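Listed here are the chains, written in short residue letters.
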Amino acid sequence: MPDRKRIAGDLGLAALVVVAMSVAHGVYSNELLLFNFVMFLTLSQGLNLIYGFTGYLPFGYVGFFGAGAYGFALAVMHLHSPPLLALAIAGLAALVLAVILAPLLRLSGAYFAIASLAAAQALYEVIANPDLQDLTKGPYGVSLSGVFAPRLSYFVAVAIMAVTFALVVWLRNSRFGLSLQAIREDPVSAAMAGVSVVRGRMVAWLLSSVIAGLSGGVFAWHISVFYPDTVFDVTFSIFATVFTLFGGATTLTGPLLGVFFLYGVYNAIGITVPQYFQLIYGALIMGLVLFLPNGLVSLLTRRGFRVP
Amino acid sequence: MSPDPLLRVEGLVKRFGGFRALDGVSFHLAPGEVLGLMGPNGSGKTTCINVISGLYAPDGGAVRFDGQAIGGQKAHLLARAGINRTFQSPKPFLSLTVAENVAVAATYGNGSGKPVDVMALLAELELDGLAHRPAGDLNSAQQKTLDLARALATAPRILLVDELAAGLNPAELSHMASRLRALAAGGMALLVVEHLMGFIDKVTDRVIVMNAGREIFEGTLADATRDAEVVRVFLGGAHG
Ligand SMILES: Nc1ncnc2c1ncn2[C@@H]1O[C@H](COP(=O)(O)OP(=O)(O)O)[C@@H](O)[C@H]1O
Ligand SMILES: [Mg+2]
């Protein structure tokens, strides 16, 4: 019973954001800021895939981002790959990491969250290890000035974002997405409904990780000079998580609201007066957890309205 | 005579640590038959259903479905093969709508080759008025009926029913009893765990009584009530 009207509405919202972020590039001169918006829109929806649809919250989500960034960098430095091939390698690096970490899906709740963070930290330690300087440049960072292409990489980032939105729309409107939500709600009942719990979780986990890997790869391409600290900064995980929770997981709208509002506020006041920002941020999050645990969109959804 | 058994349970053992929750249970169940499973709390009825439906692997003995040993097979594969169940405490997908709860099972669990009409099934179980409400809005009796709807959406050949009647009013009880009888009349094999004697009497062809992980009686309910050991187990609080 796929509902055409619903899908059209969801795709419409996704297209609106994709077009807006494309047009903004020609209008607004702060390209890096726009890029960061695109990146967080992508990462938040990528996290939404795994958290919103299966209930697993990986604090170490940044590990896939970092794996992608270094996958891109190593491919460019050592294989002299063209950027788009390097980007594919970035996605592959995250995919491999996700397969290695798949046993973490046996853990539940907080254990999973913490274990994924530890894994991201371990990968960071390996890459930043001075002994691996010949391979990764260790803590001294990489410079990819040979492939620097800020405009092209911006639009590739927008394309990755568009694909990510499409995935979320698919999950929101497909039987497979419904089966993931069933697993999230009750894995035992889901199994009795004939759903392969292990396979469903695995697919969501791999999709979510590849999105973060591609995002990290295109980030590496866009800024072209970075350090392990830059791309394994747990702030990426925290921001993506907070944006998703703020707006409301399992929807397309929620993470979008979270990014545009919170990251907007962050850029408006957070950078100039960080102390106030942290205060406001902290208060917002506490208020939200206490009064709106399912995010802003729950103001509508709990009244029976469907949001995209 | 009765047809060949669809389900054959032979010397089933399930241990939790050193404790034998099932200690060599044997019974059989034929298509179109309703078998009542009775016994005091803690005697292993739910564990028996959990092992047959693939939630737990047995530690001994065998479960044969259509002649095939299925003990330890994954629950979602057994669901597709035609074994399903309800839960003593209902376990719906709370944030999904009633219709979505059933649609998941109709999509993933129906291995019969014949599509199941979700709305018709909901109408049959009088849940159609609630189809687009989240399952979390339902009361406990409605959630149990939703459990049944989800199980039926997989077009099972064997249905294991765990205390479905508890919490139903007399009218709902007699309704539910005729529903289960109708399912059996259609060829389904049912194992019904229940405490209410009236319900068991109405629904079952035959009962087995369990105590401490073993079956202590097999026969008609009328004979069971005259069996000295059954009476002792139920009245004497043999299970501490
Ligand atoms: N997952 C489990 N872990 C440990 N003990 C269990 C588990 N499930 C059931 N038991 C124990 O097995 C015995 C039988 O339980 P159960 O099958 O639920 O009984 P019944 O359904 O007949 O009331 C009880 O003593 C119960 O405590
Ligand atoms: Mg029980």
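The structure presented is a predicted model; accordingly, all values stated were derived computationally and were not measured. (Residues numbered from 1 in each chain as written. Chains lettered and ligands numbered in written order. Predicted model: local features only at pLDDT ≥ 70, side-chain atom pairs only at ≥ 80, totals over all residues. Heavy atoms only, no water.)

Here's the deal with the overall build of chain B
Then, in step 1: If you tally the helices and strands in chain B, you get 9 helices and 10 strands.
Then, in step 2: What you see for chain B is a C-alpha radius of gyration of 17 Å, in line with the 18 Å of a compact globule of 240 residues.
Then, in step 3: Overall size of chain B, expressed as C-alpha extent along the three principal axes, is 50 × 40 × 40 Å.
Then, in step 4: The 240 residues of chain B split such that 53% are buried.
Then, in step 5: Long-range pairs, those at least 24 residues apart, make up 68% of the contacts in chain B between residues at least 6 apart in sequence.
Then, in step 6: Summed over its atoms, the accessible surface of chain B is roughly 9900 Å², and 52% of this surface lies on carbon and sulfur atoms. (Helix = DSSP H or I, 4+ residues; strand = E, 2+ residues; numbered from the N terminus. Rg over C-alpha atoms; globule rule 2.2 N^0.38 Å. Buried < 20%, exposed > 50% of the residue type's maximum accessible area, 1.4 Å probe, protein only. Contact = heavy atoms within 4.5 Å. Areas by Shrake-Rupley, 256 points an atom, 1.4 Å probe, with all protein chains shown as cover.)

Focus on the nonpolar core
Then, in step 1: Core analysis: the biggest nonpolar cluster contains 143 residues, and Phe72 and Leu144 of chain A have the highest contact counts within it.
Then, in step 2: Tallying contributions element by element places helix α2 (residues 31–54) of chain A first for this core, with 13 residues.
Then, in step 3: Counting contributing residues, this core receives three or more from each of domain 1 (1–82 + 156–240) and domain 2 (91–155) of chain B.
Then, in step 4: Ignoring anything within four residues of it in the chain, the contact list for Leu144 of chain A reads Phe72, Ala73, Val76, Met77, Ala220, Ser224 and Phe226 of chain A. (Core = buried A, V, L, I, M, F, W, Y, C linked by side-chain atoms within 4.5 Å. Domains from an automatic or database assignment.)

So, the site of ligand 1
All names here are of chain B.
Then, in step 1: Around ligand 1 sit Phe16, Phe19, Ala21, Pro40, Asn41, Gly42, Ser43, Gly44, Lys45, Thr46, Thr47 and Tyr56, and those are all the residues in its vicinity.
Then, in step 2: At 2.5 Å, a side-chain N or O of Thr47 approaches an oxygen atom of ligand 1.
Then, in step 3: In the complex, 64% of the free accessible area of ligand 1, which totals 560 Å², lies under the protein chains.
Then, in step 4: Elements represented by at least two residues in the shell around ligand 1 include exactly β2 (19–29) and α1 (45–52).
Then, in step 5: When residues of the shell around ligand 1 are assigned to their parent elements, the largest contribution, 3 residues, is made by α1.
Then, in step 6: Within the shell around ligand 1, the residues separate by chemical class into 5 nonpolar, 6 polar and 1 charged. (Near = heavy atom within 4 Å. Polar contact = N/O pair within 3.5 Å; in protein donor to acceptor, adjacent residues only side chain to side chain. Nonpolar A, V, L, I, M, F, W, Y, C, P; charged D, E, K, R; others polar.)

Digging into the packing of α2 of chain A against helix α10 (residues 197–223) of chain A
Residue and element names in this part refer to chain A.
Then, in step 1: The interhelical angle for the contact between α2 and α10, taken along N-to-C directions, is 170°, at an axis separation of 8 Å. The angle between the axes of α2 and α10 places the two elements in the roughly antiparallel class. Across from Glu31, Leu32, Phe35, Asn36, Met39, Thr42, Leu43, Gly46, Leu47, Leu49, Ile50 and Thr54 in α2, the residues of α10 making contact are Arg201, Ala204, Trp205, Leu207, Ser208, Ile211, Ala212, Ser215, Val218, Phe219, His222 and Ile223.
Then, in step 2: Taken together, the residues that form the contact of α2 with α10 break down as 15 nonpolar, 7 polar and 2 charged. (Axes fitted to C-alpha atoms, helices over the stretch in contact; angles between N-to-C directions. Parallel < 35°, antiparallel > 145°, perpendicular 65-115°, else oblique.)

Considerations on the coordination of the magnesium ion (ligand 2)
All names here are of chain B.
Then, in step 1: Thr46 (OG1) and Gln88 (OE1) make up the full set of protein donors to the magnesium ion (ligand 2), lying at 2.0 to 2.2 Å. With a gap of 42 residues between them, Thr46 in helix α1 and Gln88 in the loop between β6 (83–85) and α3 (98–108) connect regions that are remote in the sequence.
Then, in step 2: With relative accessibility at 33%, the residue Gln88 sits in the partly exposed group. (Donors = N, O, S within 2.8 Å, 3.2 Å for Na, K, Ca; no water.)

A closer look at the sheet that holds β2 of chain B
Then, in step 1: Strand order in the open sheet made by the 4 strands is β2-β1-β4-β5 (chain B), with antiparallel pairing throughout. For this open sheet the edge positions go to β2 and β5 (68–69) of chain B, each flanked by a neighbour on one side alone. (Pairing = 2+ DSSP bridges.)

Here's the deal with the sheet that holds strand β10 (residues 214–219) of chain B
Residue and element names in this part refer to chain B.
Then, in step 1: Reading across from one edge, β6-β7-β8-β3-β9-β10 is the order of the 6 strands in this open sheet, with mixed pairing throughout. At either end of the open sheet lies a strand with only one pairing partner, and these are β6 and β10. Within the sheet, the average angular offset between the axes of one strand and its neighbour, ignoring direction, is 20°.
Then, in step 2: In this sheet, strand β7 (residues 158–162) lies alongside β6 in parallel orientation, the contact comprising 3 bridges. Its bridge partner lying in β7, Arg85 is registered against Leu160.

Here's the deal with the interface of chain A and chain B
How big an interface is tends to be stated in terms of the accessible area lost upon association of its parts.
Then, in step 1: Taken together, the contacts link 19 residues of chain A with 25 residues of chain B.
Then, in step 2: Between chain A and chain B, the buried area comes to about 1800 Å², and carbon and sulfur atoms account for 67% of it.
Then, in step 3: It is Leu178, Met192 and Ala193 of chain A that lose the most area in chain A upon contact with chain B, and together they represent 33% of the buried surface on that side.
Then, in step 4: Between the two partners, chain A and chain B, sit 1 salt bridge.
Then, in step 5: Two residues, Lys91 of chain B and Asp186 of chain A, come together in a salt bridge whose shortest N-O distance is 3.2 Å.
Then, in step 6: Broken down by secondary-structure element, the contributors of at least two residues to the side of chain A that touches chain B are α8 (175–185) and α9 (187–192) of chain A.
Then, in step 7: Examining the composition of the side of chain A that touches chain B, we find that 8 residues originate from one element, α8 of chain A, more than from any other.
Then, in step 8: Looking at the side of chain A that touches chain B residue by residue, the class counts come to 10 nonpolar, 5 polar and 4 charged. (Buried area = accessible area lost by both parts, 1.4 Å probe. Salt bridge = Lys/Arg side-chain N within 4 Å of Asp/Glu carboxyl O.)

Concerning the domain arrangement of chain B
All names here are of chain B.
Then, in step 1: As far as domains go, chain B holds domain 1 (1–82 + 156–240) and domain 2 (91–155).
Then, in step 2: If you average the C-alpha positions of domain 1 and of domain 2, the two centres end up 23 Å apart.
Then, in step 3: With 15 residues of domain 1 at the contact, the number on the domain 2 side is 14 residues.
Then, in step 4: Between domain 1 and domain 2, the buried area comes to about 1100 Å², and carbon and sulfur atoms account for 61% of it.
Then, in step 5: When residues of domain 1 are sorted by the area they lose upon contact with domain 2, Arg80, Pro156 and Arg179 head the list and together hold 43% of the total.
Then, in step 6: Between the two partners, domain 1 and domain 2, sit 1 salt bridge.

Considering the packing of aromatic side chains
Then, in step 1: Using the criterion set out here, one finds 27 aromatic pairs over all chains in the structure.
Then, in step 2: A ring pair is formed by Phe40 of chain A and Phe236 of chain A, whose centres lie 6.0 Å apart and whose planes are at 35°; its orientation type is tilted. Here the residue Phe40 of chain A occupies a position in helix α2, and Phe236 of chain A occupies one in helix α12 (residues 235–247), the gap between them amounting to 196 residues.
Then, in step 3: With centroids separated by 5.6 Å and ring planes inclined at 5°, the aromatic side chains of Phe246 of chain A and Phe261 of chain A adopt a geometry described as stacked. Taken as a pair, Phe246 of chain A in helix α12 and Phe261 of chain A in helix α13 (residues 253–270) lie far apart in primary sequence, 15 residues in all.
Then, in step 4: What links up through ring pairs into an aromatic cluster is the set Phe35, Phe37, Phe40, Phe65, Phe219, Phe236, Phe239, Phe243, Phe260, Tyr263 and Tyr266 of chain A.
Then, in step 5: In this structure, Lys91 of chain B packs its charged tip against the face of Phe87 of chain B, placed 5.5 Å from the ring centre. (Phe/Tyr/Trp six-rings, centres within 6.5 Å; stacked < 30°, edge-to-face > 60°. Lys NZ or Arg CZ within 6 Å of the ring centre and 35° of its normal.)

A closer look at helix α1 (residues 4–27) of chain A
Then, in step 1: With 24 residues, α1 of chain A should cover 34 Å at 1.5 Å per step; its first-to-last C-alpha distance of 34 Å lies within 8% of that length.
Then, in step 2: Structurally, the start of α1 of chain A carries an N-cap: the backbone nitrogen of Lys5 of chain A is 3.0 Å from a side-chain oxygen of Asp3 of chain A. (Expected span 1.5 Å × (residues − 1).)

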